[in-house]
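For reference, the chains in residue letters:
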Amino acid sequence: MTAKQKHKYAMVIDTRKCVGCGNCVVGCKMENRVPEGLHRDWVVEEVHGTYPNISVELRSERCNHCINPPCVYACPTGASHVKSGQNITLVDRDKCTGCKACIAACPYDVRFIMPEGYVGKCTFCDHRVEQGLDPACVSVCPTHCMHFGDLNNPLSKVSKLLASRKYKLLAPEAGTGPQLYFLL
Amino acid sequence: MNEINIITGRMNHLIDPHLTIWGWEIPVYLFLGGLTAGILLITALTIYLGKEREFPHAAGRLSFIAPIALSVGMGALFLDIEYKLHVFRFYTAFKITSPMSWGSWILLLVYPLSLILILGRIKISCPKLYEKLNGRGDRLIAFSEKHLHLASAITIFVATTLGIYTGILLSSLGARPFWNASILGPIFLISGLSTALALNVILAQEKHEIHFFSKYDLFMILAEIVTVLLFVISLSSGPQISQESVKLILGGDMTAIFWVFFMGFGLVAPLILEILELKGMKISKYIAPALVLFGGLLFRFIMVEAGQLTGYIGY
Amino acid sequence: MSNFNRRDFIKISSAATVSASVGLNTLANSPTVAKIVGDLAEPGASSRTPTYCEICFWQCAGWVVKDKDGRPWKIVGNEEDQHSLGRMCTRGSGGLGAYLDPDRLKKPLIRSEERGKQVFREASWEEAFNYIAKKMEAIATQYGPDRVCLFSHGCGGPFFKTLINAYGSENVAAPSYAQCRGPRQEAFGLTFGADLGSPENTDIKNAKCLVLMGSHLGENLHNTQVQEFGQAIEAGCTIITVDPRFSVAAGKSKYWLPIKPSTDLALVLSWIHCLIEEEIYNKDYVKKYTIGFEKLKAEVASYTPEWAYSITSIKPEIIRQTAREMAQAAPAVIVHPSRHVAWYGDDTQRMRGIAILNALLGGWGHRGGFYQLQKAGVPECSAPLAKKAKNNWRGQLDGKYPLASMPPANFLCDKTVEGYYKGWFVYGTNLSQCLPEPQKTEEAISKLDLLVVIDTMPAEITGWADVVLPECTYLERFDELRDKPGRRRQIALRAPAFEPLYDSKPAWWIAKNLAITMGIGAAFPWANIEELLNDQLAKLGTSMEEMKKVGVKNLGEEGALCVEDGLELHFKTKSGKIELYSQTLEDLGFDPIPKYTAHETPPDGYYRLIYGRTPTHTFGRTINNPILNQVQAENDLWVHPTVAKRWNLQNGQYVKVKNQAGVASLPIRVRITERIRNDALYMAHGFGHTDKRLSRAHLKGANDTALIDKVKVDPIMGATGFRGTFVTFDEV
């Protein structure tokens, strides 16, 4: 990614508030009609420590809509692409051959094969974002632990949260510039 | 004790519990692609260097195998493609960042080049077949004969690229730490060449040709052993994620298959056999090259599987 | 007498029920019953229909949204709703799965015998009604109409209550009482003279300190509370979680007290002791509103933290420190009354302890404590009882369970085993999975002349029925208005988004038409439910038209929620005060102030079986839901690493556990985790279905209820203690 994009969409997820209820998963399934048995998002539970000194971190995970997306680079047909002016990574089903190079290229294992054979993944609910709405997972979260917005706008809630709280990224060493931020 | 689990029942087909997107088809494709590269490189070099008389099989009938092997390999690749109706999409775009895209275009070049190499020498290599053609394709044959030298030069370049590509295809996928080593390109090229040399040893008739190719295969095997060891060393001395991934063959689940079956039976055993043979011991000429071919195929199975077992995210 | 000497369990699949099913991915394009296009906030939607959720009892109001092609799409929260606060929970979001489930009950079924084998045959509604009416008449003639019971859970229950009331029975039980929250209802009633309501009147979002004891908020997805829990975490509320398991809530807590199971009351009494000893209780509040403080003080004098430590394994300084945290936050502190509290047979007393602790902190009536519930008050519109029951269940108690305000379901079951009760209606509750000791439930069923099950889904209980009546799902019907007390006087409408699939019918239709067949149709003095609703809505100053547009309506004229807002506290106890000391209990021969009694602990090699909720499912009712099942299909057995080592268990392997009576579970997957004590095992409730017709849920995971034994019954109100069960591994 060379030129600076107009929008840098990110999700900021507060692991302190997340209870791991999975409504993000069901909300996504319904919104996007994700076929039975496939998941565009999921919740990870990480347990550290020894009884009785234990901590649990809960994280709602999905595509990181990386600034430097290896899946897009790996795609031989241009089916995997970055939406113009943004960092939302999408798959054009009409161009996808199902070669699976993008699946192998993704360090986060977020992609999968749809029953028809093309590659499916989280779209950050691009169709909702276009309308100025939050992605479905964010909009249904009962604890309001998920936030979506534009990090290029310093006044957005996500920018402010990142400015005021400690956070972590998933596998930043993979060098892809992931855009899911987990507040600690 | 630390635990990490996905708690919302994700069991995405081919993704969970670990990546299984590529089964037997891709290793077979990579093997046959490498073999094709090796064959074309041998044939083209033989022709280019004017050694056709010395090595008649390498310059002749061996090249017939190239398009067949490649077609079978591409057949396997096609079987692996999930959206078969869209396969034409490989040829409606060229993506400079995608080795897969490079590969699909290179494959297109290989067919006409191998055809020229075959037809350019068909009168000598397969006179009976030429008779059967009964004049059909004479213009094409004449064209091939005319441009044989140029074609062999181009083929040397294209075949080398093809051989390297079969390795780069994996090594470019940085998300899989076990593949994340640029030396995979040379290794796959060397391995492809080695298997092609072995194939020629099996198929060639002339004693001195067999002897010559056995000797060269010995060098290739040595080179492969060295590069594979370099690959293991580079992962072991790389970032933590690489070190983690190489544990798979250094004490992990794939240790035995890698060191005993691939390294042992696929490389060291034929190396020893060929040295013994060179020293004059009587050994069937088929054993060492057969082991090399087996090793080459097994190597690709191991690589494709091992890469899919490693990743940045362990759940 | 029953036509069958012995009632066999019938798998519903043995009936020829091959009807058109709705594939999950095809999402049938059904005609819109109520095509109401309001202000569609959803891009790509064509219509939305108001509903309130029936996937659990929380009844969140939302919208059923169809896509631009009119296909069922999703269910989203109603922004005006005080339960959902605009967001459904995981289960509510997956509510369409209830409608789409191809395993639904499709036609009325009647038990009959074919070639020596009991099967269900499909029947018309008329035939089914005639069959039931005939049996009901026989029971009334031979034994009297009071020999029929109703077990109910869910919105359609009141229609069947009206039905059996009119028939002449008052035996209306709900497992949500004696198997769940009954003890806290009676304990808080005795102490504060008020019910906590459902949803409870906990002002979590304003609490400065929240104590969770037996509530695993977040895993039980009580929507409003979970949302407020999130707010409380963000606001820096001090959370204290008492749980033998490191629950999700424990992970959000400043203090996790991994208590030795069964000793909770010792901790509560010790906290009370600390508050009084250190004189940090809310003195003004106690003085102004309570009676019996001196007696309480004397009673708890011996319950020192040191004493409690030896029992609970919670260190004395932690007990003191947490008591101080509560006192510091008072009155904005909630010791959460939790919900399923039927644990050890002394549960009313434990809940009294919790009520008293709350009273000492002064949270009741204060911001950040327990707010004053506001009730909308939808006018009653059913006819008075056609016949007054001669005998009711209370007469059968023989003085047992004097404070039971409802018949304990287990008691009706016991009396049925004795041969007293002859007919059961079971609405929306899988008794086989919610009453302890399912063998006893089966024995009771074998004594019945008539068992009618009304439900949307097959389950273990339907396999024992004489008649199965298929109810349509909540998305295909009108129901009574939601009239739950809360912060606001609010009503919510449930309108059908789809025509009923198959031959299923709404509960009101079933009850009314059965009543007509039985000759007691006058109990339902309306032609159909819309007539009833129109009448009620008119009296509330609104209309169906408006309600279809808004879904939820605030009626206004609310009183103050808390003292800070001008609320004057009144207590409807006998004394008119908060009763720290209960004369009522004293008079009935029970401890007027709770006393700690020790419970049995597991012998070597056995572990206490604890169970709880998973946020994806409501009891066993949603396991087969084709959407929710994708998120969680089976449960895990939580095992501490040292226990796993002792039994040589590997993570992910399947084991069976068995109780001391030798009853073994289905195979369950082992999860080795530090998140549980080494003297207990944990599994989520609701799994391990044995009915084949639940194609997704069948034999997935294990059913905790099947293992429950040594049930101790609370002598005060009849609750069944579920937590006295010890299990070990069965042939690892």
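(A) How the structure looks around the environment of A329 of chain C. Residue and element names in this part refer to chain C. Positionally, A329 belongs in helix α11 (residues 316-329). Put simply, A329 and T238 are 91 residues apart on the chain and 8.5 Å apart in space, counted from C-alpha to C-alpha. Discounting residues that sit within four places of it in the chain, A329 has contacts with K208 and C209.

(B) Main features of the interface of chain B and chain A. The interface of chain B with chain A comprises 39 residues on the first partner and 51 residues on the second. Of all residues in chain B, T8, Y83 and Y312 of chain B give up the largest surface area on contact with chain A, accounting jointly for 15% of the area buried on that side. The interface formed by chain B and chain A holds three salt bridges in total. On the surface where chain B and chain A come into contact, there are 27 residue pairs in polar contact (both at pLDDT 80 or more). If you list the elements that add at least two residues to the side of chain B that touches chain A, you get β1 (3-6) and α4 (99-120) of chain B. Here the residues of the side of chain B that touches chain A sort into 22 nonpolar, 10 polar and seven charged. Sheet topology places strand β2 (residues 42-50) of chain A next to β1 of chain B; four bridges connect them, and they run antiparallel. For V47 of chain A, the partnering residue across the bridge sits in β1 of chain B and is E3 of chain B.

(C) Highlighting the pairing of strand β21 (residues 654-659) of chain C. Residues and elements named next belong to chain C. On β21, burial follows the alternation: V655, V657 and N659 on one face are buried, whereas Y654, K656 and K658 on the facing-out side are not. Pairing between β21 and strand β22 (residues 668-672): two bridges, direction antiparallel. What sits directly across from Y654, in β22, is R669. With four bridges connecting them, β21 and strand β24 (residues 726-730) associate as antiparallel partners. Within β24, the residue paired with N659 across the bridge is V727.

(D) Geometry of the packing of helix α7 (residues 264-277) of chain C against helix α12 (residues 347-361) of chain C. All names here are of chain C. Packing of α7 against α12 leaves a shortest axis separation of 9 Å and a crossing angle of 25°. Comparing their axes, α12 and α7 come out roughly parallel. Crossing hand, α7 versus α12: left-handed. On the side of α7, the interface is formed by D264, L265, V268, W271, I272, L275 and I276, while α12 contributes Q349, R350, G353, I354, I356, L357, L360 and L361.

(E) How the structure looks around the state of the cysteines. Scanning all chains against the criterion turns up zero disulfides over all chains. Lacking any disulfide linkage, C53 of chain C is separated from the closest cysteine sulfur, that of C56 of chain C, by 6.4 Å.

(F) Expanded view of the side chain of S156 of chain A. Residue and element names in this part refer to chain A. Examined against the element boundaries, S156 turns out to sit in the loop between β8 (146-150) and α6 (157-164). The exposure class assigned to S156 is buried, which follows from its relative accessible area of 10%. At a separation of 2.9 Å, a polar atom in the side chain of S156 contacts the side chain of S159.

(G) Examining the interface of chain A and chain C more closely. Chain A puts 40 residues into the contact, and the matching count from chain C is 45 residues. Note on chain A versus chain C: buried area summed over both sides is about 3,400 Å², and carbon and sulfur give 55% of it. The three residues of chain A that bury the most area against chain C are M30, R33 and Y51 of chain A, which together make up 22% of that side's buried surface. On inspection of chain A and its partner chain C, the count reaches six salt bridges. We note a salt bridge from E45 of chain A to R671 of chain C, for which the minimum N-O separation is 2.3 Å. Scanning the region where chain A abuts chain C turns up 23 residue pairs in polar contact (both at pLDDT 80 or more). Broken down by secondary-structure element, the contributors of at least two residues to the side of chain A that touches chain C are α1 (23-32), β2, β3 (53-61) and α5 (136-140) of chain A. A per-element tally of the side of chain A that touches chain C places α1 of chain A first, with six residues. Looking at the side of chain A that touches chain C residue by residue, the classes come out as 19 nonpolar, 13 polar and eight charged.

(H) Quick look at unusual backbone geometry. The omega torsion across D16 of chain B and P17 of chain B is 0°, close enough to zero to call that bond cis. With a phi close to 40°, A171 of chain A is a non-glycine residue in the positive phi region. Looking at where A171 of chain A falls in the secondary structure, it is placed in the loop between β9 (167-168) and β10 (180-183). Judged by relative accessible area, A171 of chain A falls into the buried class, the value being 11%. Phi is positive for D398 of chain C, close to 55°, though the residue is something other than glycine. Looking at where D398 of chain C falls in the secondary structure, it is placed in the loop between α13 (393-396) and α14 (409-417). By relative accessible area, which is 69% here, D398 of chain C ends up exposed.

(I) Spatial organisation of the nonpolar core. By size, the foremost hydrophobic cluster in this structure holds 140 residues, and its most contacted members are W271, I272, M326 and L360 of chain C. If you tally residues by element for this core, the top one is α7 of chain C, at 10 residues. The two domains that each donate at least three residues to this core are domain 1 (193-371 + 563-587) and domain 2 (607-730) of chain C. Setting aside chain neighbours within four positions, we find M326 of chain C in contact with C209, V211, I240, W271, V333, V335, L357 and L361 of chain C. One finds L41, A59, A204 and L267 of chain B within the second-largest nonpolar core, a separate group that totals 112 residues.

(J) Here's a closer look at the pattern of salt bridges. Residues and elements named next belong to chain A. Applying the stated criterion across every chain, the model contains 59 salt bridges over all chains. A salt bridge links R62 to D41; the nearest nitrogen and oxygen atoms lie 3.6 Å apart. In this pair, R62 sits in the loop between β3 and α2 (70-74) while D41 sits in the loop between α1 and β2, placing the two residues 21 residues apart along the sequence. Each member of the pair, R62 together with D41, is buried. A network of salt bridges, in which partner residues are shared, links E46, E57, R59, E61 and K168.

(K) The arrangement of helix α11 (residues 255-278) of chain B in detail. Residues and elements named next belong to chain B. Largest kink in α11: about 50°, centred on G264. Inspection of α11 places F258, F262, M263, G266, L267, P270, L271, L273 and E274 among the buried residues, and these make up the whole buried set. Those residues of α11 that are buried lie in contact with α9 (207-236) and α12 (287-309). A positive phi of about 105° marks G280, the residue just after α11.

(L) Quick look at the pairing of β10 of chain A. All names here are of chain A. A two-sided burial pattern is seen for β10, the buried positions comprising L180 and F182 on one face and Y181 and L183 on the other. Pairing analysis gives four bridges linking strand β1 (residues 9-14) to β10, with the strands arranged parallel. Looking at β10, one finds that I13 is bridged to F182. Here β9 runs beside β10; their pairing, made up of two bridges, is antiparallel. Its bridge partner being in β10, K168 is matched across the sheet by F182.

(M) Main features of the packing of aromatic side chains. All names here are of chain C. If you walk through the whole model with that rule in mind, you get 49 aromatic pairs over all chains. Grouping aromatic residues by their ring pairs yields a cluster made of F188, F192, Y285, Y289, W364, F370 and F571. The ring centre of W63 lies 3.8 Å from the NZ or CZ of R48, which sits over that ring. The ring of Y52 has R494 sitting right over it, with the charged end atom 4.1 Å from the ring centre.

(N) Up close: helix α17 (residues 507-517) of chain C. Within α17 of chain C the residues assigned to the buried category are A507, W508, I510, A511, K512, L514 and A515 of chain C. At the exit of α17 of chain C stands G519 of chain C, carrying a positive phi of roughly 80°.

(O) Here's a closer look at the sheet that holds strand β4 (residues 109-114) of chain C. Residue and element names in this part refer to chain C. In spatial order, the strands read β5-β4-β15-β14-β13-β6-β7; together these seven strands make up an open sheet with mixed pairing. Taken across any chain shown, the strands that pair with only one partner, and hence form the sheet edges, are β5 (117-122) and β7 (171-173). Between one strand axis and the next, the sheet turns through 25° on average, direction left out of account. Pairing analysis gives three bridges linking strand β6 (residues 148-152) to β7, with the strands arranged parallel. Looking across to β7, one finds that C149 is bridged to N171.

Cut-offs and rules
Residues numbered from 1 in each chain as written. Chains lettered and ligands numbered in written order. Predicted model: local features only at pLDDT ≥ 70, side-chain atom pairs only at ≥ 80, totals over all residues. Heavy atoms only, no water. Helix = DSSP H or I, 4+ residues; strand = E, 2+ residues; numbered from the N terminus. Contact = heavy atoms within 4.5 Å. Buried area = accessible area lost by both parts, 1.4 Å probe. Salt bridge = Lys/Arg side-chain N within 4 Å of Asp/Glu carboxyl O. Polar contact = N/O pair within 3.5 Å; in protein donor to acceptor, adjacent residues only side chain to side chain. Nonpolar A, V, L, I, M, F, W, Y, C, P; charged D, E, K, R; others polar. Pairing = 2+ DSSP bridges. Buried < 20%, exposed > 50% of the residue type's maximum accessible area, 1.4 Å probe, protein only. Axes fitted to C-alpha atoms, helices over the stretch in contact; angles between N-to-C directions. Parallel < 35°, antiparallel > 145°, perpendicular 65-115°, else oblique. Left-handed = near helix turned anticlockwise from the far one by under 90°. Disulfide = S-S within 2.5 Å. Core = buried A, V, L, I, M, F, W, Y, C linked by side-chain atoms within 4.5 Å. Domains from an automatic or database assignment. Bend = angle between axes of the 7 residues up to and from the residue. Phe/Tyr/Trp six-rings, centres within 6.5 Å; stacked < 30°, edge-to-face > 60°. Lys NZ or Arg CZ within 6 Å of the ring centre and 35° of its normal.

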